[in-house]
Amino acid sequence: MKINTVWAAYFSATDTTRKVVTQIARRLAHQTGAPLETFDFTLPQVRKEPKAFAEGDLVVFGTPVYAGRVPNLLIKYVASVQGNGALAVPVVCYGNRNYDDALMELCLTLEGNGFTTLGAGAFACQHSFSQTQAAGRPDLSDLTIASGFADQVWRKGGADGPISAKVKGNNPVGPYYTPRDRHGNPINILKVKPLTTEDCTNCGKCARECPLGSIDPENAAQLTGPCMKCNRCVRHCPKGAKYFDDPNYLYHKTELEEQFTWPRKEPELFL
């Protein structure tokens, strides 16, 4: 394989996907001797125009998993990214419950966009809702496995068919995971939005960093658009002034922590 550029391409609201993707891409750049470039499409201004890669690019392309799929507010943009013969390594990061059809969805989308997929991986990372579910991940073990995975991808060399034929998941992909209450009734948290305490100084950091551009820069307590519950504003607020208090959201968060903090899910790799 002649590689001109290795790319770390990712959406990473709370930095976990960034860490995994960058580790794999950095190792591939070392192996190939090609320069490493970053395409971080977390913020909305970056997603205004579709990204076009080219033959000779090797793209480690990562997204988080929301409800067992590529986030519904992100998939349209992912589907606009052009491969033009570039090689790709799709990666998804999930909160230790299950990645369901997310990796399949990402692989199929990239393959349909003109990428040739060489390998794919699913990594358990700290859940965006929680301080305890898969806390601290990706950790040293995960990142060591990520580097080894990059070595395997490089040793594999040329593609032997679309990686979607090998990954776990349904094709066509199934519905999003639906959280339920203790009686089995569906819980809907789609319209839930974060609240803001009086500690807020209206510094504007949350507005600048909201992946959907939904926080009013003049009044951080106001949301002008949808919220994807990525918790970037909660994690990045310098005053700790952002939080969620919706009962269904909190019930779902507790349920996830109680049922899916253990056992530890290890990376799943496909070549």
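As a reminder, the structure under discussion sits directly above these lines.
Residues numbered from 1 in each chain as written. Predicted model: local features only at pLDDT ≥ 70, side-chain atom pairs only at ≥ 80, totals over all residues. Heavy atoms only, no water.

Caption draft 1: Expanded view of helix 1 (residues 16-32). In a regular helix each residue adds 1.5 Å, so 17 residues correspond to 24 Å; helix 1 covers 25 Å between its end C-alpha atoms and thus fits that length. All of the buried residues along helix 1 are Thr16, Thr17, Val20, Val21, Thr22, Gln23, Ile24, Ala25, Leu28 and Ala29. One or two residues past the end of helix 1 sits Gly33, with phi positive at roughly 75°. (Helix = DSSP H or I, 4+ residues; strand = E, 2+ residues; numbered from the N terminus. Expected span 1.5 Å × (residues − 1). Buried < 20%, exposed > 50% of the residue type's maximum accessible area, 1.4 Å probe, protein only.)

Caption draft 2: View of the nonpolar core. Grouped together as the largest cluster of nonpolar side chains are 37 residues, with contacts concentrated most on Phe41, Phe53, Phe61 and Leu103. Going through the elements one at a time, strand 1 (5-10), strand 3 (57-64), helix 2 (75-78), strand 4 (87-94), helix 3 (102-112) and strand 6 (120-124) are the ones with two or more residues in this core. With six residues, the single largest contributor to this core is helix 3. Ignoring sequence-local partners within four residues, the contact set of Phe53 consists of Trp7, Ala9, Phe39, Val59, Val81, Gln82, Gly83, Asn84, Ala86 and Phe115. If you look at the next biggest cluster of nonpolar residues, it comprises 24 residues, including Ala34, Val91, Cys125 and Ala146. (Core = buried A, V, L, I, M, F, W, Y, C linked by side-chain atoms within 4.5 Å. Contact = heavy atoms within 4.5 Å.)

Caption draft 3: Expanded view of the pattern of salt bridges. Counting across every chain of the model gives 14 salt bridges. Between Glu268 and Lys168 there is a salt bridge, with its nearest N and O atoms 3.1 Å apart. Separated by 100 residues along the polypeptide, Glu268 in strand 9 (residues 268-270) and Lys168 in the loop between helix 4 (140-156) and strand 7 (195-196) bring together distant segments of the chain. A salt bridge links Lys253 to Glu257; its shortest N-O distance comes to 3.1 Å. (Salt bridge = Lys/Arg side-chain N within 4 Å of Asp/Glu carboxyl O.)

Caption draft 4: Local environment of the pairing of strand 1. Of all six residues in strand 1, six are buried; the element is thus mostly enclosed. Residue alternation in strand 1 divides its side chains into two sets, Thr5, Trp7 and Ala9 and Val6, Ala8 and Tyr10, and both sets are buried. Two elements, strand 1 and strand 3, share six bridges in a ladder whose sense is parallel. The residue bridging Trp7 from the neighbouring strand is Val59, located in strand 3. Bridging between strand 1 and strand 2 (residues 36-40) involves five bridges; their strand directions are parallel. Note on strand 2: the bridge partner recorded for Trp7 is Glu37. Remark: the strand 1/helix 1/strand 2 crossover connection has right-handed handedness. (Pairing = 2+ DSSP bridges. Right-handed = clockwise from strand over helix to strand, strands pointing away.)

Caption draft 5: Highlighting the packing of aromatic side chains. What the rule picks out here adds up to ten aromatic pairs. By the ring-pair criterion, three or more aromatic residues cluster together here, those being Trp7, Phe11, Phe39, Phe41, Phe53, Phe61, Tyr77 and Phe115. Residue placement shows Lys51 over the ring face of Phe39; its charged tip is 5.3 Å from the ring centre. The aromatic ring of Tyr177 is capped on one face by Arg97, whose charged end is 3.7 Å from the ring centroid. (Phe/Tyr/Trp six-rings, centres within 6.5 Å; stacked < 30°, edge-to-face > 60°. Lys NZ or Arg CZ within 6 Å of the ring centre and 35° of its normal.)

Caption draft 6: Layout of the side chain of Asn113. Summarising the element assignment, Asn113 is placed in the loop between helix 3 and strand 5 (116-117). At 3.0 Å, the side chain of Asn113 forms a polar contact with the backbone oxygen of Val78. Reaching out from Asn113, the side chain makes a polar contact with the backbone oxygen of Val81 at a distance of 2.8 Å. The contact partners of Asn113, leaving out residues within four places of it in the chain, are Val78, Ala79, Ser80, Val81, Gln82, Gly83 and Asn84. (Polar contact = N/O pair within 3.5 Å; in protein donor to acceptor, adjacent residues only side chain to side chain.)

Caption draft 7: Just unusual backbone geometry, in detail. With an omega of 10°, the peptide bond between Arg137 and Pro138 qualifies as cis. Relative to the assigned elements, Pro138 resides in the loop between strand 6 and helix 4. Here the phi dihedral of Asn96 falls at roughly 75°; this positive angle occurs in a residue that is not glycine. Here Asn96 lies in the loop between strand 4 and helix 3. Residue class for Asn96 comes out buried when judged on its relative accessible area of 1%. Unlike most non-glycine residues, Asn231 shows phi in positive territory, near 70°. Relative to the helices and strands, Asn231 is located in the loop between helix 5 (205-209) and helix 6 (232-236).

Caption draft 8: Structural detail: the environment of Thr38. Structurally, Thr38 is set in strand 2. Judged by relative accessible area, Thr38 falls into the partly exposed class, the value being 47%. For the pair Thr38 and Val6, spaced 32 residues apart in the sequence, the C-alpha separation amounts to 8.6 Å. Beyond its immediate chain neighbours, meaning those up to four positions away, Thr38 contacts Trp7, Ala8 and Tyr10.

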